[in-house]
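Listed below, chain by chain, are the residues.
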Amino acid sequence: MTSPTHPSVLTVCVTGAAGQISYSLLPILANGHVFGINQPIALRLLEITPALPALSGVSMELIDGSYPLLRSVVETDDPAHAFKGADVAVLVGAFPRKHGMERKDLLAKNVPIFQKQAYALNQFASPDVKVLVVGNPANTNALILSKFAPNIPPTNVSALTRLDHNRALAQVATRLDVPIHSVDGVCIWGNHSSTQYPDVVRASVHGHPVLDKLGGLERVAEDFIPTIQKRGAAIIKARGLSSAMSAANAIADHLRSWICGDDRIVSMAVHADGSYGIKEGVFFSYPVRCLGDGDYEIVRGIDLDHFSRKYIDATAEELYAERDEALSLLI
Ligand code: NAI
């Protein structure tokens, strides 16, 4: 299914393409729901060598999907080949957390993966490539990637916290029995981990504040925040596998907002520039406004209350420790 790439074709690279998130993600990318129904795409799929047979099955299914916008599919285990000319790179592939693994062990496996992919992206991707890191620990993998890809502006790299954002929106909507689209003012701060801070202090429905209806700060601390922080673990417990369908949907939402723009404030882990006292350089989830064409700005001027500050400081501390551990692993 290879055809010469027309200049207007968007080249999208997905790593971990034979994995479970990608199995839900690739059809969404191919059917025009992310980049628009007039935007043809070329998919470049990266996997580790042992997963290439499975990847060829995924590729066959993409062909059988007869997606009118899908111009070509490349399957490879070579990052240099995968990232060639990439306009968008979605880094889903990562070494999975296995039973008994500490955070340091997970970092030790993933730092070299993201370092190697950074070199290849830096050399072979389009100069304006937008890189979304999904594989965990996503925020710190994004930091490593950005550090070793100096040709790519740090603002062109982000990590996924949109799944947490969507979970928070859905929990507010469910608790108040209102449609999701009526909920606003929700955001995720910090690390994509159990220390993340799902902030509903300014949540509103049709413009009306709803913190009181959610039971006030005490109830939010007891119930709402832990529900979001532990949602991933609850899904693993129930399904025996980590979230994939909702993760793929969140990746699609993240890319659409980032590349095409969005009227709503959304959550993205982005290169910290010192905003809200977060140390520069870590990839920290903030409320952001996506302006279109891949531009975004961190929402400024939020007057953080003591309650929020405590959570934000805790997740920032975890992220600094993760950064230090990751950097100590570099040779
Ligand atoms: P999976 O295990 O089903 O798939 C991962 C795929 O990545 C596998 O096919 C594996 O062969 C591949 N892979 C591993 N190392 C690679 C490398 N160096 N280059 C290319 N491919 C490589 O896992 P799943 O469920 O698809 O999740 C993928 C990642 O996304 C995990 O790290 C998971 O923790 C993370 N995740 C992140 C979320 C977020 O919100 N940031 C939400 C859900 C999952």
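Because the structure is predicted, anything quoted here is derived from the model rather than measured.

Asker: Got a sec to walk through the pairing of strand S2 (residues 41-46)? Specific residues and values, please.
Answerer: Where burial is concerned, most of S2 is hidden: six out of the six residues are buried. On S2, burial covers both faces: Ile-41, Leu-43 and Leu-45 on one face and Ala-42, Arg-44 and Leu-46 on the other are all buried. One ladder, built from six bridges, connects strand S1 (residues 10-15) with S2; its direction is parallel. Across the sheet, residue Val-12 finds its bridge partner in S2, namely Leu-43. The β-α-β motif built from S1, the intervening helix H1 (residues 20-30) and the parallel element S2 has right-handed crossover chirality. Pairing of S2 with strand S3 (residues 70-76), which is carried by six bridges, proceeds in the parallel orientation. By the bridge assignment, Ile-41 is partnered in S3 with Leu-70.

Asker: An account of the site of the ligand is needed here, citing residue identities and associated values.
Answerer: Close to the ligand lie 23 residues, the nearest being Gln-20, Ile-21, Glu-47, Val-134 and Asn-136. Taking Gln-20, its main chain carries an N or O atom lying 2.9 Å from an oxygen atom of the ligand. Here an oxygen atom of the ligand and a side-chain polar atom of Glu-47 are 2.5 Å apart. The protein chains hide 81% of the 860 Å² of surface that the ligand would expose on its own. The cavity that encloses the ligand is the largest pocket. Taken together, the elements giving at least two residues each to the shell around the ligand come down to H1 and helix H4 (103-124). When the residues that make up the shell around the ligand are grouped by side-chain class, the tally is twelve nonpolar, ten polar and one charged.

Asker: Describe in detail unusual backbone geometry, supporting the description with residues and values.
Answerer: The omega torsion across Asn-136 and Pro-137 is 0 degrees, close enough to zero to call that bond cis. Along the chain, the position of Pro-137 falls in the loop between strand S5 (130-133) and helix H5 (138-147). The backbone of Ser-66 sits at a positive phi, close to 50 degrees, despite the residue not being glycine. As for its position among the elements, Ser-66 is in the loop between helix H2 (52-64) and S3. We note that Asp-177 has phi near 55 degrees; this positive angle belongs to a residue other than glycine. Examined against the element boundaries, Asp-177 turns out to sit in the loop between helix H6 (162-176) and strand S7 (183-184). Using a relative accessible area of 71% as the deciding quantity, one classes Asp-177 as exposed.

Asker: Tell me about the packing of aromatic side chains, and name the residues and values.
Answerer: Scanning all chains against the criterion turns up eight aromatic pairs. Ring plane angle 75 degrees and centroid distance 5.7 Å describe the contact between Tyr-119 and Phe-148, whose orientation is recorded as edge-to-face. Residue Tyr-119 is located in helix H4, and its partner Phe-148 is located in the loop between H5 and strand S6 (157-159); the two are separated by 29 residues in the primary sequence. Taking relative accessible area as the criterion, Phe-148 reaches 15% and is therefore assigned buried.

Asker: Could you give an account of the pattern of salt bridges, naming the residues involved and the relevant values?
Answerer: Close approach of charged atoms allows side chains of opposite charge to pair. Summed over the entire model, instances satisfying the criterion amount to 13 salt bridges. Measuring nitrogen to oxygen at the nearest pair gives 3.5 Å for the salt bridge that ties Asp-164 to Arg-167. Remark: Arg-167 and Asp-164 occur in helix H6; sequence separation between them is three residues, near one turn of the helix. In this pair, the class of Asp-164 matches that of Arg-167, namely buried. Across the salt bridge formed by Arg-300 and Asp-273, the nearest N and O atoms sit 3.2 Å from each other. Separated by 27 residues along the polypeptide, Arg-300 in the loop between strand S14 (295-298) and helix H10 (306-328) and Asp-273 in the loop between strand S12 (265-271) and strand S13 (283-292) bring together distant segments of the chain. Owing to a relative accessible area of 37%, Asp-273 belongs among the partly exposed residues under this scheme. Each of Arg-175, Arg-219, Glu-222 and Asp-223 takes part in a single network of salt bridges with overlapping partners.

Asker: Can you tell me about the layout of surface pockets, naming the residues and giving the values?
Answerer: In this model, the largest pocket occupies a volume close to 1,800 Å³. Of all elements in the fold, only H1, H4, H5, H6, helix H8 (231-239) and H10 reach the threshold of two or more residues within the lining of the largest pocket. For the lining of the largest pocket, the element with the highest residue contribution is H4, accounting for six residues. Residue composition of the lining of the largest pocket, by class: 20 nonpolar, 20 polar and ten charged. In this structure, the second largest pocket encloses a volume near 350 Å³.

What counts as what
Residues numbered from 1 in each chain as written. Predicted model: local features only at pLDDT ≥ 70, side-chain atom pairs only at ≥ 80, totals over all residues. Heavy atoms only, no water. Buried < 20%, exposed > 50% of the residue type's maximum accessible area, 1.4 Å probe, protein only. Helix = DSSP H or I, 4+ residues; strand = E, 2+ residues; numbered from the N terminus. Pairing = 2+ DSSP bridges. Right-handed = clockwise from strand over helix to strand, strands pointing away. Near = heavy atom within 4 Å. Polar contact = N/O pair within 3.5 Å; in protein donor to acceptor, adjacent residues only side chain to side chain. Areas by Shrake-Rupley, 256 points an atom, 1.4 Å probe, with all protein chains shown as cover. 1 Å grid on protein atoms, 1.4 Å probe; cavity = no way out; pocket = protein on both sides within 12 Å on 5 of 7 lines; lining within 4 Å. Sits in = over half its atoms within 2 Å of the grid points. Nonpolar A, V, L, I, M, F, W, Y, C, P; charged D, E, K, R; others polar. Phe/Tyr/Trp six-rings, centres within 6.5 Å; stacked < 30°, edge-to-face > 60°. Salt bridge = Lys/Arg side-chain N within 4 Å of Asp/Glu carboxyl O. Points joined across faces, edges and corners; volume = space filled by probe spheres on them.

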